[in-house]
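One-letter residues, chain by chain:
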Amino acid sequence: MDNTLNQNTYISLIASIISNATSKAKGVASVSTESGISNKFTSKNGYDGIEIVITHSNMVVISLSINAYFGYALPEIVSELQNSIKKDIEEQTSFKVKSVNVNVIGVVFA
């Protein structure tokens, strides 16, 4: 089986898990397609705002940019989102999560 095809399937699955976790997270308005200084979080796989790297040792490194709602404590939002993403990926796949890097790009006044 083609490793690139296999890896793209895993990345799609992981991106779906991340999207689900962010949609349920308190204080998270959206995954941001803006990354601030550079455009490094624009994925060619169609997951703007999310970067997923699977290492040779099957560890997952995730970076994502979010917009947060005004009035929520940012460190709390980020910590809860990191824990939720890590837990969900490790429960639903065979991968271990090395890191979840969350960048708050904007604040939404709702």
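Everything numeric in this text was worked out from a predicted model, so none of it was measured. Here the residue numbering is sequential within each chain, running from 1 through the sequence in written order. Two thresholds apply to this predicted model, a pLDDT of at least 70 for residue-level local features and 80 or more for giving and counting side-chain atom pairs, whereas whole-chain, interface and lining totals are computed over all residues. Excluding hydrogens and water, the side-chain figures rest on all heavy atoms present in the structure.

## Brief notes about the side chain of Asp 88
For step 1, the next point in the chain: Each helix corresponds to a stretch of at least 4 residues labelled H or I by DSSP, and each strand to a stretch of at least 2 residues labelled E; elements are numbered beginning at the N terminus. Counting through the fold element by element, Asp 88 comes out in helix H2 (residues 74-92).
For step 2, the next point in the chain: Non-local contacts of Asp 88, meaning those with residues more than four positions away in its chain, are made with Ile 17 and Ala 21. Any two residues having at least one pair of non-hydrogen atoms within 4.5 Å are treated as being in contact.

## What about the environment of Asn 83?
For step 1, the next point in the chain: With respect to the secondary-structure elements, Asn 83 resides in helix H2.
For step 2, the next point in the chain: Relative accessibility thresholds used throughout: buried, under 20% of the residue-type maximum; exposed, over 50%; partly exposed, between the two (1.4 Å probe, protein chains only). On the accessibility criterion, Asn 83 (52% relative accessible area) is exposed.
For step 3, the next point in the chain: Here the alpha-carbon distance between Asn 83 and Ala 21, two residues 62 residues apart in the chain, equals 9.8 Å.

## Section: the confidence of the model for the protein chain
For step 1, the next point in the chain: In this model, the protein chain carries a mean pLDDT of 86, and residues with pLDDT of at least 70 account for 83%.
For step 2, the next point in the chain: When pLDDT is averaged over each helix and strand of the protein chain, the minimum, 88, is found for helix H1 (residues 3-24) and the maximum, 97, for H2.
For step 3, the next point in the chain: Confidence drops under a pLDDT of 50 for residues 36-44, and excluding neighbours within four residues, the segment shows 16 contacts in the predicted structure. The predictor rates its confidence in each residue with pLDDT, a number between 0 and 100.

## Focus: a nonpolar patch on the surface
For step 1, the next point in the chain: What goes into a patch is any residue over 30% in relative accessible area without a salt bridge, connected to like charges within 9 Å or, for nonpolar side chains (Val, Leu, Ile, Met, Phe, Trp, Tyr), within 5 Å. Under the convention used here, a 1.4 Å probe and the Shrake-Rupley method define accessible areas, while residue burial counts only the protein chains that appear. The salt bridge criterion pairs a side-chain nitrogen of Lys or Arg with a carboxyl oxygen of Asp or Glu, the two atoms within 4 Å. Side chains of Tyr 69, Tyr 72 and Val 108 sit close together on the surface and give an oily, nonpolar patch of about 250 Å² of accessible area.
For step 2, the next point in the chain: Relative to the helices and strands, Val 108 resides in strand S4 (residues 96-108).

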